[in-house]
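Structure at a glance
Okay, here's what each chain looks like letter by letter:
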Amino acid sequence: MLWRMAWRNLWRHRARTLTMLSAVALSYALMLVAFGINDDGHGRMLREAAIAAGGDVLVHGKEYWATRASDIVVRDADAVAATVAGVEGVRAAVPRVIVNGLASTAADNRPVLLQGVRPELEAELRDVAEDVSAGTFLTGGERSPVVLGSRLAARLEAELGDRIVLTGTTPDGEVTRALFHLTGIIETGTREVDEVAAYTTLEVAQRAFGMAGAVTQIGVVAEQGVDAEALAERVRAALAATGAGPQLEVLSWREAVPEMVALIEIDDALGYIFLGVIYAIVLFSITNTFLMAVKERVRELGLLGALGMPGWRIGRLLLRETVLLTAVAMAVGLAIGYAGHRIIAHVGIDIASMGIEEMEMSGVDFGKLVMYSTIVPARWILGSVVIAVTTVASAVYPAWRAARLEPAEAMRFYE
């Protein structure tokens, strides 16, 4: 009986009901769309940060990550890589030689970050060959190939086939020079990368800089869905079992680039504050609207009391009106939010179109990010419960006021 009365009462005042319904529905839809964009954007930033760091988990010599010293290397790299590759949850163990040095041609000298890689393994993390704008990426069989970033090649005035001299320091502390031939040029679109990047094969880098059997780093690519922190613990345990643990340092990518994790946590917090402000405004508006509705319906509610309906039942009637209003509003909001999610998931939001063209952090180029939308069921369910509870709670005080009306006074309200 009360449910039927509540439903009829809602539509006796269409303008008021539609105003409250639209406020709740649009706020709810905005929350769902914001969740979808944030979850997708954060997921993409985290993945890009892991790629920029060199893997989901990083293995290198003690203190290398803090100092980047050329004399800190992973000895007996093949055995260490085999141990890491055998850990549960590891998709690939990617060895690298990393040398900070100087690239020289007859035209100029420029600082360079040379990476000696195995292309087929590096592609498990990121396929650098996709960024090749000229030549090939270490696939031609040349004896000493090198691939340079586009800006670096331009500064050196180097063209395909030209000789490039790379100067670097060996693990023994000796400065050495090696001759390479330019076989490819990559263009990532990130200024900082294109100005210093250089790639050669792992074996060539080891031979050129006196690192036979050693590497600078082993990047670990995790299987889909494997947590990087848990995987790092398993890798540490596996290396400790071989006796190599004390000489090596194992970091999850979160430990390697904590600034990116902090940025995302701050962005999440600001997002919740933003949504909280919106909902506070909406809920105050709904509470105020319900209070005004109670004042407008004083005589009606007084008549119900005079006909014998107890005050607590009048209060329950108003609460049921709120429950029905919330259910309809959230159904509409869910439809709008899901439609917004599908559109954004298909079209995407180009960060560069928002004025962020050159912003880089932890190796992630925000200007190149395109955010879509992803549904995380737990977030959508929790957000829906919060909206439902807070919206219904906004009517508790107006219902309490209505329950305390004295029928005799209420009947004289409009006399």
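Just so it is clear, the model here is predicted, and its values are computed rather than measured.

For the rest of this paragraph, the subject is the overall build of the protein. Of the regular secondary structure elements, the protein holds 16 helices and 14 strands. Out of the 415 residues belonging to the protein, those deemed buried represent 47%. Summarising the internal contacts of the protein: among those between residues at least 6 apart in sequence, 78% fall at separations of at least 24. When the accessible area of the protein is evaluated, it comes to approximately 20,300 Å², of which 58% is carbon and sulfur surface.

As a further point, take the packing of aromatic side chains. Applying the stated criterion across every chain yields a total of one aromatic pair. Above the plane of the ring of W65 lies R68, whose end atom (NZ or CZ) is 3.9 Å from the centre. The ring of F35 carries R379 above its face, with NZ or CZ at 4.4 Å from the centroid.

Looking now at helix 9 (residues 228–242). The terminal C-alpha atoms of helix 9, which comprises 15 residues, lie 21 Å apart, in line with the 21 Å expected from a rise of 1.5 Å per residue. Three or more residues of helix 9 are buried, namely A228, L231, A232, V235 and L239. Looking straight down helix 9, one finds that the buried residues subtend no more than 100 degrees of arc, so they occupy a single side. With a side-chain oxygen lying 3.2 Å from the backbone nitrogen of E229, the N-terminal cap of helix 9 falls on D227.

Glancing now at the pairing of strand 2 (residues 90–104). Counting buried positions over the 15 residues of strand 2 gives eleven, a clear majority of the element. Pairing between strand 2 and strand 9 (residues 217–222): six bridges, direction antiparallel. For V90, the partnering residue across the bridge sits in strand 9 and is A222. Inspection of the sheet shows strand 2 paired to strand 3 (residues 109–117) by eight bridges, in the antiparallel sense. Residue pairing in the sheet places G101 in a bridge with V112 of strand 3. Following strand 2, the chain reverses through four residues before pairing antiparallel with strand 3. Here strand 2 runs beside strand 6 (residues 163–169); their pairing, made up of three bridges, is antiparallel. When the sheet's bridge partners are listed, S104 is paired in strand 6 with V165.

Let's shift gears to the side chain of S373. Checked against the element boundaries, S373 lands in the loop between strand 14 (370–371) and helix 14 (377–393). For S373, the side chain forms a polar contact with the side chain of H341, separated by 2.8 Å. Ignoring any residue separated from it by four or fewer positions in sequence, one finds S373 in contact with G36, I37, D40, H341, I344 and A345.

Moving on to the packing of helix 2 (residues 14–53) against helix 14. For the pair helix 2 and helix 14, interaxial distance at closest approach is 10 Å and the crossing angle is 155 degrees. Judged by the inter-axis angle, helix 2 sits roughly antiparallel to helix 14. As for how helix 2 packs across helix 14, the hand of that crossing is right-handed. Counting all contacts with helix 2, which are made through V24, Y28, M31, L32, F35, G36, N38 and D39, the residues of helix 14 involved are R379, W380, G383, S384, I387 and T391.

Cut-offs applied
- Residues numbered from 1 in each chain as written.
- Predicted model: local features only at pLDDT ≥ 70, side-chain atom pairs only at ≥ 80, totals over all residues.
- Heavy atoms only, no water.
- Helix = DSSP H or I, 4+ residues; strand = E, 2+ residues; numbered from the N terminus.
- Buried < 20%, exposed > 50% of the residue type's maximum accessible area, 1.4 Å probe, protein only.
- Contact = heavy atoms within 4.5 Å.
- Areas by Shrake-Rupley, 256 points an atom, 1.4 Å probe, with all protein chains shown as cover.
- Phe/Tyr/Trp six-rings, centres within 6.5 Å; stacked < 30°, edge-to-face > 60°.
- Lys NZ or Arg CZ within 6 Å of the ring centre and 35° of its normal.
- Expected span 1.5 Å × (residues − 1).
- Arc of directions from axis to C-beta.
- Polar contact = N/O pair within 3.5 Å; in protein donor to acceptor, adjacent residues only side chain to side chain.
- Pairing = 2+ DSSP bridges.
- Axes fitted to C-alpha atoms, helices over the stretch in contact; angles between N-to-C directions.
- Parallel < 35°, antiparallel > 145°, perpendicular 65-115°, else oblique.
- Left-handed = near helix turned anticlockwise from the far one by under 90°.

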